[in-house]
Amino acid sequence: MAKKSPSFICQACGALHSRWQGKCESCGAWNSIAEESPAAVTLPAAHRSGRKGRLIELQSLAGTNDSPPRTQTRIAEFDRVAGGGIVPGSVLLIGGDPGIGKSTLLIQVSATLASAGHRVIYVSGEEAVEQVRLRADRLGLANAPVELAAETNVEDIAATLSQGRTPVLVVIDSIQTMWTDSAESAPGTVTQVRSSAQILIRYAKQAGAAVILVGHVTKDGQIAGPRVVEHMVDAVLSFEGDGAHQFRILRAQKNRFGPTDEIGVFEMTGLGLEEVPNPSELFLSNRDRGAPGTAVYAGMEGTRPVLVEIQALVVPTSLGTPRRAVVGWDPSRLSMVLAVLEARCGIKLGGHDVHLNVAGGFRISEPAADLAVAAALVSSLSGAVLPADNVYFGEISLTGAARPVPHAPARLKEAAKLGFARAVVPDAKASERGSKERGGKERDGGAPPIPLDVISSLADLVAGIAARGPRRGARAVEEA
């Protein structure tokens, strides 16, 4: 019998190579290819049997499809991101930086469900049972009837889960520490992670229990392990935050049973994670109302409006190449706004360092923040202080025109609730007229909750800031 040669597998994407090399040709990752024994990449004997497949019943596409039943965790922010609750038989993968609070969040979810009479099993592969108990005692959840175990063998875990009443929720912390007898590679490798996840997913679908897998993240913030695991699970949640700030954000990157644009906001306290029902108040707390270079942006995260402060600092550079430092926003989007300011408004920032920050460590992904960023940049350059009761939102095109963005009534309603008196927004009537000419219907949203300063281009915004600012601010904008 011929001897099988060793296999080389990329630990980032799972691609198979015939020999070791420094860079994976499939995903482009460096130093990610590891040698594994031939038995590690072959299927178990049960899967190599030559039996014929059985006939399965084919059904019609039409039918009465009710929404899947969900189990409420009574943690509103978690349920919001999950799509309204946990679906039985679903598998969720949650990732986040070390120490961000993944285990804290999941022990709170487990304790809440167990206190409601559901069977919940928490399996830790990284910590001992006593360590989990200490965390629960610190959070005041020691009396919750959560069943604990410290185990890493997936076959033993599956056999234990099949005994007794089917649990409503099973937490595996973490999937990188699990290993199976069907693979001979070390725990944490692509083969072990994929095989262990497959066994747990099969159990979840057959038993109808929801399973939450905890995953480590890489230096770029991506969930470690093969990307195929993310395709195998039903939902991928990301737990984000900064150790320097007290809040944490739960996002859905993939969700088969709900939206992917919802966020859940938590605040880290001495008693664990507390829900933040109104994140805008948290992000706008302790802001400096009298400093130039700050503008309040009214954004949308799913169905929830969020108001955050945009901070900009524009200073003359002492280097040959000016710096562009961005925290919480897309650097390419900032480069575009700077180019439009120079080409359409005559504001030259090539000799200035530009620093942009979203206060509180929040991350913005939608282009509706263009107008607020431009207002903060012009305010910092001119020294003009923007009105503290103004909010800004709108998209900027390469032609310098200001374009309206969706969900304007929800943004304005949130701004009015927090005491803002005026909003600077693009002219939406021109867009509605164009839509009506193309056969669309003209929208009638009624009177806005706060007065609007409607602008049609970025030049109107710059002119308004220069007119309100001090004399030295207006001259600085004109000279730039």
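Within each chain, residues carry numbers counting from 1 in the order of the written sequence. Per-residue local features are limited, in this predicted model, to residues with pLDDT of at least 70; the limit for side-chain atom pairs, both in listing and counting, is 80 or more; totals at the level of whole chains, interfaces and linings are taken over all residues. Hydrogens and waters are ignored; side-chain quantities use all the structure's heavy atoms.

Peer 1: Tell me about the overall build of the chain, and name the residues and values.
Peer 2: Working definition: helices are DSSP H or I runs of at least four residues, strands are E runs of at least two. Numbering for both runs from the N terminus. The helix and strand inventory of the chain stands at 13 helices and 21 strands. Throughout, a contact is declared for two residues whenever any of their heavy atoms are within 4.5 Å. Intrachain contacts of the chain at a sequence separation of at least 6 include 70% that bridge at least 24 residues. Here the open area of atoms and residues is found with the Shrake-Rupley method and a 1.4 Å probe, where only the protein chains shown may cover a residue. Total accessible area computed for the chain in this model is approximately 23,800 Å², and 51% of it derives from carbon and sulfur atoms.

Peer 1: Explain the pairing of strand S10 (residues 247-255) to me, and be specific about the residues and the numbers.
Peer 2: Burial classification: accessible surface area is computed with a 1.4 Å probe over protein chains only, and a residue below 20% of its type maximum counts as buried, one above 50% as exposed, and the rest as partly exposed. Burial runs high along S10: seven of the nine residues are buried. Pairing between strands is defined by DSSP: at least two bridges between the two strands are required. Relative to S10, strand S9 (residues 235-241) is paired through seven bridges, and the arrangement is antiparallel. What sits directly across from Phe239, in S10, is Leu250. Sheet topology note: the S10/strand S11 (residues 263-269) ladder contains five bridges and is antiparallel. When the sheet's bridge partners are listed, Arg248 is paired in S11 with Phe266.

Peer 1: Quick one: what's the story with the sheet that holds strand S7 (residues 169-173), residue by residue and with numbers?
Peer 2: Spatially, the nine strands line up as an open sheet ordered S6-S5-S7-S8-S4-S9-S10-S11-S12, and their pairing is mixed. With partners counted over all chains shown, the strands left at the sheet margins are strand S6 (147-150) and strand S12 (272-275), one partner each. Pairs of neighbouring strands in the sheet enclose a mean axial angle of 25 degrees, with direction left out of account. As paired elements, S11 and S12 share four bridges and run antiparallel to each other. Bridge assignment links Thr269 to a residue of S12, and that residue is Gly272. Here helix H5 (residues 190-207) sits on the sheet and contacts strand S4 (91-96), S7 and strand S8 (210-215); the angle it forms with S8, its principal contact strand, is near 160 degrees. Axis definition: a line fitted to C-alpha atoms, over the contacting stretch in the case of helices. Angles run 0 to 180 degrees between N-to-C directions.

Peer 1: Got a sec to walk through the packing of aromatic side chains? Specific residues and values, please.
Peer 2: Centres within 6.5 Å make a pair out of two Phe, Tyr or Trp rings, where for Trp the six-membered ring is used; the pair is then stacked when the planes are under 30 degrees apart, edge-to-face when over 60, and tilted otherwise. Applying the stated criterion to the full structure yields three aromatic pairs. Look at Phe239 and Phe266: their rings are 6.2 Å apart centre to centre, the planes differ by 65 degrees, and that puts the pair in the edge-to-face class. Within this pair, whereas Phe239 is found in strand S9, its partner Phe266 is found in strand S11, the two being separated by 27 residues in sequence. Each member of the pair, Phe239 as well as Phe266, carries the same accessibility label: buried. Ring plane angle 75 degrees and centroid distance 4.8 Å describe the contact between Phe247 and Phe283, whose orientation is recorded as edge-to-face. Taken together, the residues span a long stretch of sequence, with Phe247 in strand S10 and Phe283 in helix H7 (residues 279-283) at a distance of 36 residues.

Peer 1: Tell me what's going on with the environment of Arg403, and back it up with residues and numbers.
Peer 2: By the element assignment, Arg403 lies in strand S19 (residues 402-403). Given a relative accessible area of 47%, Arg403 falls into the partly exposed group. Each C-alpha atom of the pair Arg403 and Asp427 lies 7.2 Å from the other, and the pair is 24 residues apart in sequence. Residue contacts for Arg403: discarding those within four places in its chain leaves Gly394, Glu395, Ser397 and Pro426.

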